[in-house]
Amino acid sequence: MSGVSAGSMTQVRAWESFRGSPVNAVLTFSDRSSWQTMTSPWVGSGPEKFSTFNGTWIISQPFFPTGGGDMNSCASGAYSSHWADFGRWLVNKGRPASIIRLAWEFNGNWFPWSVSKTSATTWVSCFRQVVGAIRSTDPQARIDWALNAHSGGAWSVYPGDQYVDIIGVDSYDQWPASTTDAAFATQCAEATGLCSVIAFARQHGKQFSVPEWGLVGKSDTGAGRAGQAGGDNPVYVRNMYRTFAANRDVLAYETYFNNSEANNVHSSLLNPNENPNGAAAYASLW
């Protein structure tokens, strides 16, 4: 499956027109402000919000709402009733086989569910509790354990094959940038690089995903200020395509993160096109 992060069908249609091929996967993020907005998310609230989308929903979910939970309570199963509600919601929406990207980029230090903020044992117990609760009401839900390619500390908290359906990795053109084919190969083979994630998935009989990937601007980004961003870099785009193609037998999905927000990655290829060379390479390949 191939697609884009989006908040509306208008964005999806524009992406399809831009690249000249259909989108069959859409990456979304739940509103993390309350249990209500997480267990009955905005996704599917109408045709513009993907209720009639023919592809697969990928829903990014935290362990608990912002400011409304803690890791120890999660690990003890205190939130299981909420996650069972979410499983029922998926079934009632007619989307039982949706992909749940649970506690994404957990090996970074920027989210409340970061493994750096708790013990490995507690983190794994929390993940297992949430998965068990979702599956108690929606056995078809597909769980994506998605790490960050540019941080360590992921493999020690793998929850186990029975709790994971897809091994995911968010991988951007930064820390370091892939400005040559050789540089791409080197970073891809790092401990939490894309190639290492694919190898781990194969070893465990799993598919892999790349829920977020994209270019990284050289200005208005942390990596850019540190000289670690690739900017408008078609070399990276071409190598990502080649890696997907070479491993398509175990690729669950890839979704480009098209973002132009201030102080974010500035990966945007469309509306606005911040990276014309990268955009041209993407459109020609997809």
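Here we summarise the structure given alongside this text. (Residues numbered from 1 in each chain as written. Predicted model: local features only at pLDDT ≥ 70, side-chain atom pairs only at ≥ 80, totals over all residues. Heavy atoms only, no water.)

### Some thoughts on the pattern of salt bridges
Then comes step 1: Taken as a whole, this structure holds seven salt bridges when the rule is applied.
Then comes step 2: Between D165 and R135 there is a salt bridge whose closest N-O contact spans 3.1 Å. On the criterion of sequence distance, the pair formed by D165 in the loop between β5 (142-148) and β6 (166-172) and R135 in helix α5 (residues 120-137) is long-range, its members being 30 residues apart.
Then comes step 3: What makes D165 partly exposed here is its relative accessible area of 27%.
Then comes step 4: What makes R135 partly exposed here is its relative accessible area of 21%.
Then comes step 5: When salt bridges with common partners are traced through the structure, they connect R101, D170 and E212 into a single cluster. (Salt bridge = Lys/Arg side-chain N within 4 Å of Asp/Glu carboxyl O. Helix = DSSP H or I, 4+ residues; strand = E, 2+ residues; numbered from the N terminus. Buried < 20%, exposed > 50% of the residue type's maximum accessible area, 1.4 Å probe, protein only.)

### Here's the deal with the side chain of S30
Then comes step 1: Mapping S30 onto the fold places it in the loop between β2 (25-29) and α2 (35-39).
Then comes step 2: Exposure remark for S30: the relative accessible area of 7% places this residue in the buried category.
Then comes step 3: If we skip the residues at most four places from it in the chain, S30 touches T37, M38, P41, W42, S60, Q61 and P62. (Contact = heavy atoms within 4.5 Å.)

### Quick notes on helix α9 (residues 234-246)
Then comes step 1: The first and last C-alpha atoms of α9 sit 18 Å apart over 13 residues, in line with the 18 Å expected at 1.5 Å per residue.
Then comes step 2: By the burial criterion, the buried members of α9 are V235, Y236, V237, N239, M240, T243 and F244.
Then comes step 3: Tucked inside the fold, the buried residues of α9 contact β6, α6 (181-188), α7 (194-203), β7 (207-214), β8 (251-256) and α10 (276-285). (Expected span 1.5 Å × (residues − 1).)

### Side note on the packing of aromatic side chains
Then comes step 1: Evaluated as defined, the whole model comprises 38 aromatic pairs.
Then comes step 2: Judged by centre distance (4.3 Å) and plane angle (15°), the ring pair of F111 and W113 falls under stacked.
Then comes step 3: Three or more aromatic residues joined by ring pairs make a cluster, and in this case those are W15, F18, F184, W213, Y236, Y241, F244, Y256, Y282 and W286. (Phe/Tyr/Trp six-rings, centres within 6.5 Å; stacked < 30°, edge-to-face > 60°.)

### A closer look at unusual backbone geometry
With the exception of glycine, the majority of residues adopt a negative phi angle, and the majority of peptide bonds are in the trans configuration.
Then comes step 1: Look at the link from W175 to P176: it is a cis peptide, with omega at 5°.
Then comes step 2: Its location among the elements puts P176 in the loop between β6 and α6.
Then comes step 3: In this chain, N271 is followed by P272 through a cis amide linkage whose omega measures 5°.
Then comes step 4: Within the secondary structure layout, P272 lies in the loop between β8 and α10.
Then comes step 5: Positive phi is not limited to glycine here, since F50 has a value of about 80°.
Then comes step 6: Mapped onto the elements of the fold, F50 is located in the loop between α2 and β3 (56-61).
Then comes step 7: Notably, W175 is not glycine yet its phi reads approximately 45°, a positive angle.
Then comes step 8: On the secondary structure map, W175 appears in the loop between β6 and α6.

### As for the nonpolar core
Then comes step 1: Of all hydrophobic cores here, the largest spans 77 residues; its most connected members are F63, W123 and W145.
Then comes step 2: It is α5 that provides the largest number of residues to this core, a total of eight residues.
Then comes step 3: Setting aside its immediate chain neighbours within four residues, W123 contacts F63, M71, A103, F106, W113, S114, V115, T118, W145, V157 and P159.
Then comes step 4: L27, I58, I99 and Y253 belong to the second largest nonpolar core, which has seven residues in total. (Core = buried A, V, L, I, M, F, W, Y, C linked by side-chain atoms within 4.5 Å.)

### Looking at the sheet that holds β2
Then comes step 1: Taken together, the eight strands give a closed barrel; going around it, the order is β1-β2-β3-β4-β5-β6-β7-β8, and neighbouring strands pair in parallel fashion. Each adjacent strand pair in this sheet contributes to an overall mean axis angle of 25°, direction not counted.
Then comes step 2: Packed onto the sheet, α5 meets β4 (99-102) and β5 and runs at close to 155° relative to β5. (Pairing = 2+ DSSP bridges. Axes fitted to C-alpha atoms, helices over the stretch in contact; angles between N-to-C directions.)

### What about the environment of F244?
Then comes step 1: Mapped onto the fold, F244 is located in helix α9.
Then comes step 2: Remark: the alpha-carbon pair of F244 and S209, spanning 35 residues in sequence, is separated by 9.5 Å.
Then comes step 3: Sequence-distant contacts of F244, defined by excluding residues within four places in its chain, comprise V210, W213, L251, E254 and W286.

### Here's the deal with the side chain of Q61
Then comes step 1: Here Q61 is to be found in strand β3.
Then comes step 2: Taking relative accessible area as the criterion, Q61 reaches 0% and is therefore assigned buried.
Then comes step 3: Setting aside chain neighbours within four positions, we find Q61 in contact with S30, M38, W83, F86, I100, R101, L102, A103 and W104.

### A short note on the state of the cysteines
Then comes step 1: Here the structure, examined in full by the defined rule, presents two disulfides.
Then comes step 2: The side chain of C74 participates in a disulfide bridge whose partner is C126; the two sulfur atoms lie 1.9 Å from each other. Disulfide C74 to C126: torsion about the S-S bond roughly 80°, handedness right-handed. You can see C74 sitting in helix α3 (residues 71-75) and its partner C126 sitting in helix α5, a full 52 residues away along the chain.
Then comes step 3: Taking the relative accessible area as the measure of exposure, C74 reaches 3% and is therefore buried. (Disulfide = S-S within 2.5 Å.)

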